[in-house]
Amino acid sequence: MFAFIVYELKVAVILTTFYLCFKLLLSKEKLHRVNRMVLIASSVLSFILPLCIITVHKTIPMPEMVENGLISAGDAQAPATATEAAGGLSWEAAIIALYLLGVAAVLVSIAAGVSRVMKVIRNGKKMQMYGCEVVVCEKDVPPFSWMHWIVMSRTDFESGNRHVLEHEKAHVSLGHSKDVLLVDILSAFQWFNPAIWLLKGDLRAVHEYEADDAVLSQGVNIKEYQYSLIRKAVAASGYSITNNFNHSMLKSRIGMMSKPKASVAKGLKAIYLLPLLGCALALNAKTVFDYDSDAASMETVMETGEINEVSVDFTKLDKVPEFEGGDANTFSFWVNRRLRYPESAKAAGVTGRVVVRFKVNSDGRVSDVSVLHGVCDALDEEAVRVVGSSPDWTPGEIEGKPTATTFTFPVIFALRNVEK
């Protein structure tokens, strides 16, 4: 759960950064197609980049740790440590529950909007005109488009106002509804982030600018078209999922029509995405330490029809086991958050270091958890409990074949935070 929370926060930071750069560099430019692509790319990449992890390998000497004659090559990772009062997981569960509730609410709202639109379309009279399917409604609804449909009231349809029809036809031919639906769905998973809602508003504005340009490119008089916009801007559509002729930003649309087209040089400002991509990948990179030691070895079990236990050099593993996208250090942090200091050991003031052995099987399951060096029954049982509850790993590999690997893992129990 903690990894998922971190992922969502990374998405929020990347999305906000992309959007702020867009507002600063491109939002005022008459580069509608470029702006549309940048906004969509920013939305999608924000969810993809946190999943793209560049791994940097660094070779270091394998440290050996000797305790009571025990040499453990698997102790190279940071040990898990339990203190006197390890916190519960209730805050993580509460955050996840609140997040999922918000996601569900937004998705339900989107589904309800689509349902209302489809109901209007089903109840209207459909006819083929100008390469589109026009739906004429008896109810007084503002003109709007959705996917390949153009919806108009009978009053608007019989008025002969060709500008309205051409505007909505442009929305259909440019595929604006697909953009809206995509970003609406993505916004459900970032509902807590104001940047996604602002981005949605800007994308809708770009859609309107693009549709206006498509109408004017047919030789329509700009003043006549602007007057028709003003005359029609007397009602608002109740279907937020759609592109509608009476968008709330009429003043901006009229101002954008009067602007000269931006130069190609200004369009090059869109390359700001490239350094941001590089920064996002660099910040999400991780370093994996490859240990170099002739003496370092781990027990591995290779499954080749029958199970044979052999001892191999740690460096012979083509791919080391991974835990939730990380290495053994990631597992240490996972264990830390789940350890509970036994009350009996706490009351007796017992501390110490429990060394456990466990196997990551070729299918990623953790099994055969045992204590190699214990402290007391209570601490030993807690260490075994937590390690044994581990979710599946990504198994190690030798010559491309999944290989079971046995780890030696230290868990430290300390009482330094106990109040005397």
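Residues numbered from 1 in each chain as written. Predicted model: local features only at pLDDT ≥ 70, side-chain atom pairs only at ≥ 80, totals over all residues. Heavy atoms only, no water.

Draft legend 1. Molecular detail of empty space enclosed by the protein. Applying the stated criterion across every chain, the model contains one cavity of 30 Å³ or more. A volume near 40 Å³ is recorded for the largest cavity. Looking at the largest cavity, the residues that line it are Val180, Val183, Asp184, Lys200, Leu203 and Arg204. Looking at the lining of the largest cavity, the elements with two or more residues in it are α6 (176-188) and α7 (194-216). Looking at the lining of the largest cavity residue by residue, the classes come out as three nonpolar, no polar and three charged. (1 Å grid on protein atoms, 1.4 Å probe; cavity = no way out; pocket = protein on both sides within 12 Å on 5 of 7 lines; lining within 4 Å. Points joined across faces, edges and corners; volume = space filled by probe spheres on them. Helix = DSSP H or I, 4+ residues; strand = E, 2+ residues; numbered from the N terminus. Nonpolar A, V, L, I, M, F, W, Y, C, P; charged D, E, K, R; others polar.)

Draft legend 2. Fine view of the side chain of serine 43. Mapped onto the secondary structure, serine 43 falls in helix α2 (residues 32-48). Reaching out from serine 43, the side chain makes a polar contact with the backbone oxygen of leucine 39 at a distance of 3.0 Å. Excluding anything up to four places from it in sequence, serine 43 contacts Leu15, Val183, Leu186 and Leu199. (Polar contact = N/O pair within 3.5 Å; in protein donor to acceptor, adjacent residues only side chain to side chain. Contact = heavy atoms within 4.5 Å.)

Draft legend 3. Up close: α7. Across its 23 residues, α7 extends 34 Å between first and last C-alpha, which sits within 8% of the 33 Å expected from 1.5 Å per residue. With 17 of its 23 residues buried, α7 lies for the most part within the structure. (Expected span 1.5 Å × (residues − 1). Buried < 20%, exposed > 50% of the residue type's maximum accessible area, 1.4 Å probe, protein only.)

Draft legend 4. Just the packing of aromatic side chains, in detail. Per the counting criterion, the structure on display carries 17 aromatic pairs. Plain terms: the ring middles of phenylalanine 4 and tyrosine 7 are 6.4 Å apart, the flat faces sit at 35° to each other, and that makes the pair tilted. On the criterion of helical spacing, the pair formed by phenylalanine 4 and tyrosine 7 is a turn pair, its members being three residues apart in helix α1 (residues 2-25). The rings of Phe323, Phe331, Trp334, Phe358, Trp393, Phe407 and Phe409 are connected pair by pair, giving a single aromatic cluster. (Phe/Tyr/Trp six-rings, centres within 6.5 Å; stacked < 30°, edge-to-face > 60°.)

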